[in-house]
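# Analysis of the macromolecular model
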Amino acid sequence: MTDDLLVIRDLRKTFSTPSGALTAVSQVSLSIKRGETYALAGESGCGKSTVGKIVAALVKPDAGSITLDGNDLTALSPRQLRPLRRKVQMIFQDPFSSLNPRATVRRIIEEPLIVHGLGNRGERRRKVAEMMDRVGLRPEAADRFPHEFSGGQRQRIGIARALILNPDLVVCDEPVSALDVSVQAQILNLLKDLQRELGTAYLFISHDLSVIRHMADRIAVMHLGQLVETAPRASFWANPTHPYSRALIAARPDPNPRNRLQDKPVLEGELPSPFEKRKGCDFRSRCPLAFGLCAEVDPPLRPSAPDHYAACHLVDEPDSRNHTAAA
Amino acid sequence: MNAILDIKGLRACLRGRSENAYVIDGLDLTVQEGEVVALVGESGSGKSMTAFSILQLLPPAIHITDGTILLGGHDVMKMDVRTLRQVRGTQASIVFQEPMTSLNPLMTVERQIAEMLLIHGKATRRTAPGKVIELLELVRMPDAKRRAKQYPHNLSGGLRQRAMIALALACEPRLLIADEPTTALDVTIQQQILKLLLDLRDRLGMAILLITHDLGVVAEMADRVAVMYAGRIVEHGPVVELLEAPRHPYTHGLLSCLPAEHADPDERLTEIPGLPPQPGSIRQGCPFAPRCPRSDAICTEVEPAMTSDGASHYKCHHPWTAP
């Protein structure tokens, strides 16, 4: 496809830790189109943030390729990589630790321009003011420090910093998880507005499926370093296929008071240790549908509908769906 | 019905600031025996301070100026230190948000729980280990015998929270205060822990005061809900009425800014403009008035009193109408 902005193939990353080798990301392939929001969903430790950092070229993968606009980022030297870094920026989860406490807001937002040698002082000043206005901050506040702002406002500063280089892709790593719900809505609306105006694509990393449902055009669910399901929005929500995706959807607390916890199925069992060598499907210890084959063979991603893939041995069985509803 | 907890007119003030920096400002709250009451609010609303005040665990900078807190019929503010020690754990105990920082990292799970049993005279050195295992089994700690010998850092977040709950239940409290007990956990683990709390309520008959910011958790768990804003309760009522027909514009706003299940993704989320007030910044009128779409002149001048014309009680001059 020609409108693919970013293509990831067979990404793998293993960290060596005091407890042994930890494979954080394994065989991850995905592609993001221009201007779309691609969500990576999953629980803590599933590797979604590592994928985000690899895409932002903050972590080097052990294997696999990342192609941005036809350039393979993993094959480039740091010097060659530099001009391409402008095209991918990042917004972090914690608006408290991701802003330099000793720098003014102006300095924080204009720093990417300085690093990439763009514009003179006057031009940068003007651009910062313009960007602050765009993200809903008063440009007069440019000389203040991060601690003078609330969490939501700090996240706006982080967004302004990420967008000032006019990137093609922004990696949003849990951008609203640290915020209160009333402020969360403000930031999600802002991200959507900016995408509409600027045509930026988002790699939207979140554990919160309600937020993903609102934001994402395409969804990938990760489990212990692997993608277990990828699908376009409509297909995913109409037919979540992998038992893990369904469990995540079911476990999401729903503000409907007639939907009480007592009546819901709960996922039991423990996650396998990420340090151990594993055989078969990683989800089988918690999967209500696991059977003999699951302990032997790790299921690959298989098509279950147009453009919709799931890594489960039951994908092709037509009655597996009814099966789960009953379980 | 018997109230295990009855708070009336509670006010608590941040020391060293101007006189009016109240973090809790005229709060009334009751919890009946065996009931699950959710105290909902955003950060800074005073919900955790309310929890701490019940066991007199407020940070030194905050002191209570007015009100009474009756726990099992006795005023905790009139208790001496010895009586308080007795009451903590047996009448009420707390489960905190982050079990890693609230468990002692240098003690095994067994020793921490045994210490609690020994101090309160619920076990002897000989019987304590067996009781610890019983408690761990009660909270469905997998492989309880092995886990008892481990340290908090050996446990995952979900298992640590189970250990924390076992510790809180050691002396069979009549009220369990759970302060954001699952906020640090993944959704699938959150569900396990919340379900465990409900099971324990049914089996042991204790009441639960659940402090949370998550209306989804409230909907799944609570019998009654109290919504906090700027140190006071602005609306309270039975869970179904409160969530399906919120009367206070703040409750209404909180519910409508959640991404809706079947809404058009191109639709904008409803926002509550502005920010919650800093403690002490509201001098008169309704604290929500500056952010409220329904406010008018009276709202900025007169603080509304708690009223009711149905199942819910609310403090508002211009409530949303009942269905």
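Residues numbered from 1 in each chain as written. Chains lettered and ligands numbered in written order. Predicted model: local features only at pLDDT ≥ 70, side-chain atom pairs only at ≥ 80, totals over all residues.

A few words now on the overall build of chain A. Secondary structure assignment for chain A yields 11 helices and 12 strands. Computed over its C-alpha atoms, the radius of gyration of chain A comes to 21 Å, within 12% of the 20 Å expected for a compact globule of 327 residues. For chain A, the C-alpha atoms occupy an extent of roughly 65 × 50 × 45 Å along the three principal directions. The buried share of chain A, reckoned over its 327 residues, is 44%. Taking all contacts inside chain A whose residues are at least 6 apart in sequence as the whole, residues at least 24 apart take part in 66%. (Helix = DSSP H or I, 4+ residues; strand = E, 2+ residues; numbered from the N terminus. Rg over C-alpha atoms; globule rule 2.2 N^0.38 Å. Buried ≥ 20, exposed ≤ 12 C-beta atoms within 10 Å, placed from the backbone. Contact = placed C-beta atoms within 7 Å.)

Across its full length, chain B carries 12 helices and 12 strands. By principal-axis analysis of the C-alpha atoms, chain B measures approximately 70 × 50 × 40 Å. A buried classification covers 48% of the 323 residues belonging to chain B. The contacts of chain B with a sequence gap of at least 6 include a subset with a gap of at least 24, amounting to 65%.

Time to look at the confidence of the model for chain A. On average, chain A scores 90 in pLDDT, and the residues at 70 or more come to 96%. Contacts from residues 318-327 of chain A, a stretch scored under 50 in pLDDT, to residues over four places away or in other chains number 9 contacts. (pLDDT = per-residue confidence, 0-100.)

If you look at the biggest cluster of nonpolar residues, it comprises 185 residues, and the most contacted ones within it are Leu203 of chain A together with Ala166 and Leu209 of chain B. Considering each element in turn, this core owes the most residues, 8 residues, to helix α7 (residues 157-169) of chain B. (Core = buried A, V, L, I, M, F, W, Y, C linked by C-beta atoms within 7 Å.)

Residue and element names in this part refer to chain B. Overall, antiparallel pairing links the 4 strands, which are arranged β2-β1-β4-β5 in an open sheet. Each edge of the sheet is formed by a strand with only one pairing partner; in this case those strands are β2 (22-32) and β5 (74-75). The pairing of strand β4 (residues 62-71) with β5 spans 2 bridges and is antiparallel. Residue pairing for β5: Leu70 is matched across the bridge by Asp75. (Pairing = 2+ DSSP bridges.)

In this section: helix α9 (residues 243-251) of chain A. The buried fraction of α9 of chain A is high, at 7 of 9 residues. The complete set of buried residues in α9 of chain A reads Pro243, Tyr244, Ser245, Arg246, Ala247, Leu248 and Ala251 of chain A.

All names here are of chain A. Between helix α3 (residues 105-115) and helix α5 (residues 151-163), whose axes approach to 7 Å, the crossing angle comes to 30°. Judged by the angle between their axes, α3 and α5 are roughly parallel. Here α3 runs over α5; the crossing is right-handed. Residues Val105, Ile108, Ile109 and Pro112 of α3 form the contact with α5, whose participating residues are Ile157, Ala160 and Arg161. The class makeup of the residues in the contact of α3 with α5 is 6 nonpolar, no polar and 1 charged. (Axes fitted to C-alpha atoms, helices over the stretch in contact; angles between N-to-C directions. Parallel < 35°, antiparallel > 145°, perpendicular 65-115°, else oblique. Left-handed = near helix turned anticlockwise from the far one by under 90°. Nonpolar A, V, L, I, M, F, W, Y, C, P; charged D, E, K, R; others polar.)

This paragraph deals with the sheet that holds strand β9 (residues 224-229) of chain B. Residue and element names in this part refer to chain B. Spatially, 8 strands are ordered β6-β7-β8-β3-β9-β10-β12-β11 in an open sheet, and the strand pairing comes out mixed. With partners counted over all chains shown, the strands left at the sheet margins are β6 (92-95) and β11 (307-308), one partner each. One ladder, built from 4 bridges, connects strand β3 (residues 36-40) with β9; its direction is parallel. Note on β9: the bridge partner recorded for Ala38 is Val225. Docked against the sheet, α7 engages β6 and β7 (175-179), running at close to 170° with respect to β6.

Within a regular strand, the side chains alternate between the two sheet faces. All names here are of chain A. In terms of burial, strand β9 (residues 218-223) is a largely internal element, 6 of the 6 residues being buried. Burial of β9 is two-sided: the residues Arg218, Ala220 and Met222 facing one way and the residues Ile219, Val221 and His223 facing the other way are all buried. Where strand β3 (residues 37-41) and β9 come together, 4 bridges link them in parallel fashion. Each residue of the ladder has a partner; that of Leu40, found in β9, is Ala220. Two strands pair when backbone bridges link them, and β9 and strand β10 (residues 226-232) are joined in this way by 6 bridges, in the antiparallel orientation. For Ile219, the partnering residue across the bridge sits in β10 and is Ala231.

Turning next to the interface of chain A and chain B. With 32 residues of chain A at the interface, the matching set in chain B holds 36 residues. Within the residue set of the side of chain A that touches chain B, elements represented by two or more residues are α6 (181-198), α7 (209-215) and α9 of chain A. Examining the composition of the side of chain A that touches chain B, we find that 6 residues originate from one element, α6 of chain A, more than from any other. Residues of the side of chain A that touches chain B, tallied by class, amount to 13 nonpolar, 11 polar and 8 charged.

This brings us to unusual backbone geometry. One non-glycine residue, Asp69 of chain A, lies in positive phi territory at about 55°. Position of Asp69 of chain A among the secondary structure elements: in the loop between β4 (63-68) and β5 (71-72). Located in the positive-phi region is Arg140 of chain B, a residue other than glycine, with phi close to 50°. Relative to the assigned elements, Arg140 of chain B resides in the loop between α5 (128-138) and α6 (144-148). Residue Arg140 of chain B is classed as partly exposed on the basis of its C-beta count, with 16 C-beta atoms lying within 10 Å.

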